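Here is how the chains run, residue by residue.
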Amino acid sequence: LAVGGPPVHPQAIALGRDGVQAMEIDAAGPAVSSLATEILCVVYGPRFAVALATQVLRKGAEGRKGATREAFEVQVLDAERGTSGAAERLSGGEQVVVSEAIKLALSVFAAQSSGTPLCTLIRDESDGALDAERAIHYPAMLRRAVELGGFDRVLLVSHRPDNVAACDGVIRIDNGAATVEVAAY
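Note that the coordinates shown come from a computational prediction; the quantities given were computed from them, not determined experimentally. (Residues numbered from 1 in each chain as written. Predicted model: local features only at pLDDT ≥ 70, side-chain atom pairs only at ≥ 80, totals over all residues. Heavy atoms only, no water.)

Some points on the packing of helix α3 (residues 92–113) against helix α5 (residues 138–149)
So, point 1. Between α3 and α5, the least distance of the axes is 9 Å, while the angle of their chain directions is 20°. Relative to α5, the element α3 is oriented roughly parallel. Crossing geometry of α3 relative to α5 is assigned as right-handed. Every residue of α5 that contacts α3 at V97, E100, A101, L104, V108, A111 and Q112 is listed here: Y138, M141, L142, A145, L148 and G149. (Axes fitted to C-alpha atoms, helices over the stretch in contact; angles between N-to-C directions. Helix = DSSP H or I, 4+ residues; strand = E, 2+ residues; numbered from the N terminus. Parallel < 35°, antiparallel > 145°, perpendicular 65-115°, else oblique. Left-handed = near helix turned anticlockwise from the far one by under 90°. Contact = heavy atoms within 4.5 Å.)

Dropping the structure here:
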């Protein structure tokens, strides 16, 4: 019931932004954080740990009822520097890698939670913003995501020769013709 206004149906509350969807996001946070941290290990080892904060303390509200508010903040622990805070505090290259690890973790989480096998992970030029030092690790990040998510394959669109060379197969498109190359191991 809304005080001073028309009555609100309980289903409207449950299906509203503070209902089931908020609970789903809160419940997914720890799993996605853990997956992102595991994917980051491919590039940085145990240096970074990711935590998705879905509830944060309101300013000046310590110890009071209703002291938290809904949020979606990426917090990163940097064991090398001994710091913890918002992802925006990382260098530009580190932010790109953390962002991609979170995107891959969300894909893995969706695959694990769907109840239906999701066979293909698709990434379209997602390695383009990575610097050369980090880009060479990107195929390993994808392989780890495939393992964690139980995917059969990754379709990666990339213009980075080193990453293309790390693929099991390549479809090249040139002047309207497609050729398929399979890696010879």
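A short note on the nonpolar core
So, point 1. Within the largest apolar cluster, 32 residues are counted, with the highest numbers of intra-cluster contacts made by I39, L40, V50, V97, V98, L104 and M141.
So, point 2. Secondary structure elements with two or more residues in this core: α2 (20–44), β1 (48–57), α3 and α5.
So, point 3. Residues contacting V98, with those up to four places away along its chain left out, are L40, V50, V74, V76 and L90. (Core = buried A, V, L, I, M, F, W, Y, C linked by side-chain atoms within 4.5 Å. Buried < 20%, exposed > 50% of the residue type's maximum accessible area, 1.4 Å probe, protein only.)

So, the pattern of salt bridges
So, point 1. Enumeration according to the criterion identifies 11 salt bridges in this entry.
So, point 2. Here E181 makes a salt bridge to R172, at a shortest N to O gap of 2.8 Å.
So, point 3. With relative accessibility at 34%, the residue E181 sits in the partly exposed group.
So, point 4. You can call R172 partly exposed: its relative accessible area is 41%. (Salt bridge = Lys/Arg side-chain N within 4 Å of Asp/Glu carboxyl O.)

Considering the pairing of strand β7 (residues 177–182)
So, point 1. A small share of β7 lies buried, amounting to 0 of its 6 residues.
So, point 2. One ladder, built from 6 bridges, connects strand β6 (residues 169–174) with β7; its direction is antiparallel. Looking at the pairing, R172 lines up with T179 of β7.
So, point 3. Between β6 and β7, which pair antiparallel and follow one another directly, the connecting turn spans 2 residues, one of which, N175, has a positive phi of 55°. (Pairing = 2+ DSSP bridges.)

Observations regarding the sheet that holds strand β3 (residues 83–86)
Working definition: the strands of a sheet are paired by backbone hydrogen bonds and lie parallel or antiparallel to each other.
So, point 1. Across the sheet, which stays open at both edges, the 3 strands sit in the order β1-β2-β3 with antiparallel pairing between neighbours. Each having just a single partner strand, β1 and β3 make up the two edges of the open sheet. The average undirected angle you get between the axes of adjacent strands in this sheet is 30°.
So, point 2. Summarising the sheet, β1 and strand β2 (residues 68–78) pair through 9 bridges and their orientation is antiparallel. Within β2, the position partnered with L57 by the bridge is T68.

All we've got here are geometric facts, nothing functional implied.
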